[in-house]
Amino acid sequence: MDEMTLRPATPGDFAFIRRLAADPANAPFITDEDETALQAYLDDPDAALLIWQADGARGYALFNGLTDKAGTVELRRLALDAPGGGRGRAFVGALVDHAFTVWPAKRLWLDASGENLRAQHLYESLGFRLEGQLRRHWWRPALGRAVDMMLYGMLRDEWQALKA
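Residues numbered from 1 in each chain as written. Predicted model: local features only at pLDDT ≥ 70, side-chain atom pairs only at ≥ 80, totals over all residues. Heavy atoms only, no water.

Peer 1: Teacher, can you tell me more about the overall build of the protein chain here?
Peer 2: The number of helices and strands found in the protein chain is 5 helices and 7 strands. Along its sequence from the N terminus, the protein chain presents helices and strands in the succession β-α-α-β-β-β-α-β-α-β-β-α. For 164 residues, the compact-globule estimate of 2.2 N^0.38 gives 15 Å, and the C-alpha radius of gyration of the protein chain, at 15 Å, lies within 12% of that figure. With respect to the three principal axes, the spread of C-alpha positions in the protein chain is 40 × 35 × 35 Å. Per-residue burial for the protein chain yields a buried fraction of 45% across its 164 residues. Here the analysis covers contacts within the protein chain between residues at least 6 apart in sequence; of these, 59% occur between residues at least 24 apart. Surface summary for the protein chain: the accessible area is close to 8400 Å², and the carbon and sulfur share equals 52%. (Helix = DSSP H or I, 4+ residues; strand = E, 2+ residues; numbered from the N terminus. Rg over C-alpha atoms; globule rule 2.2 N^0.38 Å. Buried < 20%, exposed > 50% of the residue type's maximum accessible area, 1.4 Å probe, protein only. Contact = heavy atoms within 4.5 Å. Areas by Shrake-Rupley, 256 points an atom, 1.4 Å probe, with all protein chains shown as cover.)

See below:
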């Protein structure tokens, strides 16, 4: 795999982010937000919108809770333009490492659609634990119905143990 980069997004990345969010493969699982909402994340000290690139693939991620006094950081949204070939594992692994090394996260959590079995398997294989299920909780316009929301979490000491 080529050198991996993870950098803050800029307004020049908004078209890429929106294209990924609107992709039919992603639309059932993530929310597309307009440029005003994306800019608000760039302006918010509690959020980080990042661009990942490696091996000819790119992705984006949105973190929230960076200023949370308990150290609870949410990986709110993520998408990759060329999944497969281990890129998803490298992408999410880089995001997890970033949360625990760059920010003082004590706990990292994320959610997944109950129908996104690929994401659930990936998160569990990286050390996330299923912490809960909110049944028929999340309205997905692309599907025209509500789906279950699966809640996953990882503690700093669990991440450190995986790295050891």
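Peer 1: I would appreciate a short explanation of the nonpolar core in the present structure.
Peer 2: A general tendency of soluble globular proteins is for nonpolar side chains to be buried together. By size, the foremost hydrophobic cluster in this structure holds 33 residues, and its most contacted members are Phe 63, Leu 108 and Tyr 123. Counting residues per element, the ones that place at least two in this core are strand E2 (47–54), strand E3 (57–64), strand E4 (72–80), helix H3 (87–101), strand E5 (107–113), helix H4 (117–125) and strand E7 (145–155). For this core, the element with the highest residue contribution is H3, accounting for 7 residues. With sequence-adjacent residues up to four places away left out, Leu 108 is seen in contact with Phe 63, Val 73, Glu 74, Leu 75, Val 96, Ala 99, Phe 100, Phe 128, Tyr 152, Gly 153 and Met 154. By size, the runner-up hydrophobic cluster in this structure holds 15 residues, among which are Phe 14, Tyr 41, Leu 62 and Ala 79. (Core = buried A, V, L, I, M, F, W, Y, C linked by side-chain atoms within 4.5 Å.)

Peer 1: What am I meant to see in unusual backbone geometry here?
Peer 2: Most peptide bonds take the trans configuration, and most residues that are not glycine carry a negative phi. The phi dihedral of Asp 55 falls on the positive side, at around 55°, and the residue is not glycine. Mapped onto the elements, Asp 55 comes out in the loop between E2 and E3. A residue is classified by how much of its surface remains accessible, and Asp 55, at 31% relative accessible area, is partly exposed. Look at Arg 136: it is not a glycine, yet its phi comes out positive at around 45°. Positionally, Arg 136 belongs in strand E6 (residues 129–140). Residue Arg 136 is classed as exposed on the basis of its relative accessible area, which comes to 71%.

Peer 1: What's the story with the pairing of E6 in this structure? I'm lost.
Peer 2: Consecutive residues of a regular strand have side chains that alternate between opposite faces of the sheet. Two elements, E6 and E7, share 8 bridges in a ladder whose sense is antiparallel. By the bridge assignment for E7, Leu 130 is matched with Tyr 152. Between E6 and E7, which pair antiparallel and follow one another directly, the connecting turn spans 4 residues, one of which, Gly 144, has a positive phi of 75°. (Pairing = 2+ DSSP bridges.)

Peer 1: I'm lost on the packing of H3 against H4 in this one. Help?
Peer 2: In a pair of packed helices, the angle between the axes and the distance between the axes together describe the arrangement. In contact at an axis separation of 10 Å, H3 and H4 are set at 55° when each is read in the N-to-C sense. The orientation of H3 relative to H4 falls into the category oblique. In this structure, the crossing between H3 and H4 has a hand that is right-handed. Contact residues: H3 offers Gly 88, Arg 89 and Val 92, while H4 offers Leu 122, Tyr 123 and Ser 125. A class-by-class count of the residues in the contact of H3 with H4 yields 3 nonpolar, 2 polar and 1 charged. (Axes fitted to C-alpha atoms, helices over the stretch in contact; angles between N-to-C directions. Parallel < 35°, antiparallel > 145°, perpendicular 65-115°, else oblique. Left-handed = near helix turned anticlockwise from the far one by under 90°. Nonpolar A, V, L, I, M, F, W, Y, C, P; charged D, E, K, R; others polar.)

Peer 1: Hey, could you run me through empty space enclosed by the protein in this one?
Peer 2: One water molecule sets the probe size; rolling that probe over the atoms shows where empty space is left. Within the structure shown, the criterion is met by 1 cavity of 30 Å³ or more. Surrounding the largest cavity, Ile 17, Ala 21, Thr 31, Asp 32, Glu 33, Leu 38, Tyr 60 and Arg 77 form its lining. Considering only residue class, the lining of the largest cavity consists of 4 nonpolar, 1 polar and 3 charged. (1 Å grid on protein atoms, 1.4 Å probe; cavity = no way out; pocket = protein on both sides within 12 Å on 5 of 7 lines; lining within 4 Å. Points joined across faces, edges and corners; volume = space filled by probe spheres on them.)

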